[in-house]
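Structural features, examined
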Amino acid sequence: MSPTLSATVPLVPANAENRYEVTRADLPLSCPMPGMVLWNSHPKVYLPIVDDGGESTCAYCGARYVLRD
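Criteria and cut-off values
Residues numbered from 1 in each chain as written. Predicted model: local features only at pLDDT ≥ 70, side-chain atom pairs only at ≥ 80, totals over all residues. Heavy atoms only, no water. Helix = DSSP H or I, 4+ residues; strand = E, 2+ residues; numbered from the N terminus. Buried < 20%, exposed > 50% of the residue type's maximum accessible area, 1.4 Å probe, protein only. Areas by Shrake-Rupley, 256 points an atom, 1.4 Å probe, with all protein chains shown as cover. UniProt positions renumbered as here; feature names shortened; annotations may be inferred. pLDDT = per-residue confidence, 0-100. Contact = heavy atoms within 4.5 Å. Pairing = 2+ DSSP bridges. Axes fitted to C-alpha atoms, helices over the stretch in contact; angles between N-to-C directions.

Looking only at helices and strands, one finds one helix and seven strands in the protein. Along the protein, helices and strands appear, N-terminal first, in the series α-β-β-β-β-β-β-β. Buried positions account for 28% of the 69 residues belonging to the protein. Split by element, the accessible area of the protein, about 4700 Å² in all, is 55% carbon and sulfur.

This next bit is on the UniProt feature "domain: Zinc finger CHCC-type" (unreviewed entry) in the protein. When the UniProt feature table is mapped onto this chain, "domain: Zinc finger CHCC-type" (unreviewed entry) is found at residues 41-65. Segment residues 41-65 splits into 0% helix and 32% strand. End C-alpha atoms: 16 Å apart.

Moving on, we come to unusual backbone geometry. Note the cis peptide between L27 and P28, where omega equals -5°. For the peptide bond that leads from C31 to P32, omega is -5°, which places it in the cis range. Turning to its location among the elements, P32 is positioned in the loop between β3 (29-31) and β4 (36-37).

Moving on, we get to the confidence of the model for the protein. Per-residue confidence for the protein averages 85 on the pLDDT scale, and 87% of its residues sit at or above 70. Predicted confidence in the protein is weakest over helix α1 (residues 3-8), with a mean pLDDT of 52, and strongest over strand β6 (residues 55-57), with 98. Note that pLDDT drops below 50 for residues 1-6; the model gives that stretch two contacts with residues more than four away or on any other chain.

Pairing is mixed in the open sheet, where three strands are placed in the order β2-β7-β6. What marks the edges here is a single partner per strand, and that holds for β2 (19-22) and β6. Shown here is a sheet whose adjacent strand axes are inclined to one another by a mean of 20°, direction ignored. Pairing of β6 with strand β7 (residues 64-67) involves three bridges; the strand directions are antiparallel. Residue pairing across strands places S56 opposite Y65, the latter belonging to β7.

What follows is the structure in structure tokens.
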């Protein structure tokens with residue numbers, strides 16, 4: 001992300017929520033997601049939300065992701 005873009009797009013705190021709703025536009029799904037503040041986060045992991053039946057939990061932070069259609 002360019003410095004100009006990051007200054008205009010507000011970042012979401014990483015690992016701040018227990019549950020995130022995501023759409024197919026967010027696939028492939030990673031935790032933390034793009035657009036999250038990463039300085040205090042864990043390494044990026046990809047979550048198989050489709051294979052998991054529409055819900056996945058991050059093994060690092062416990063955040064639950066729910067796929068909505």
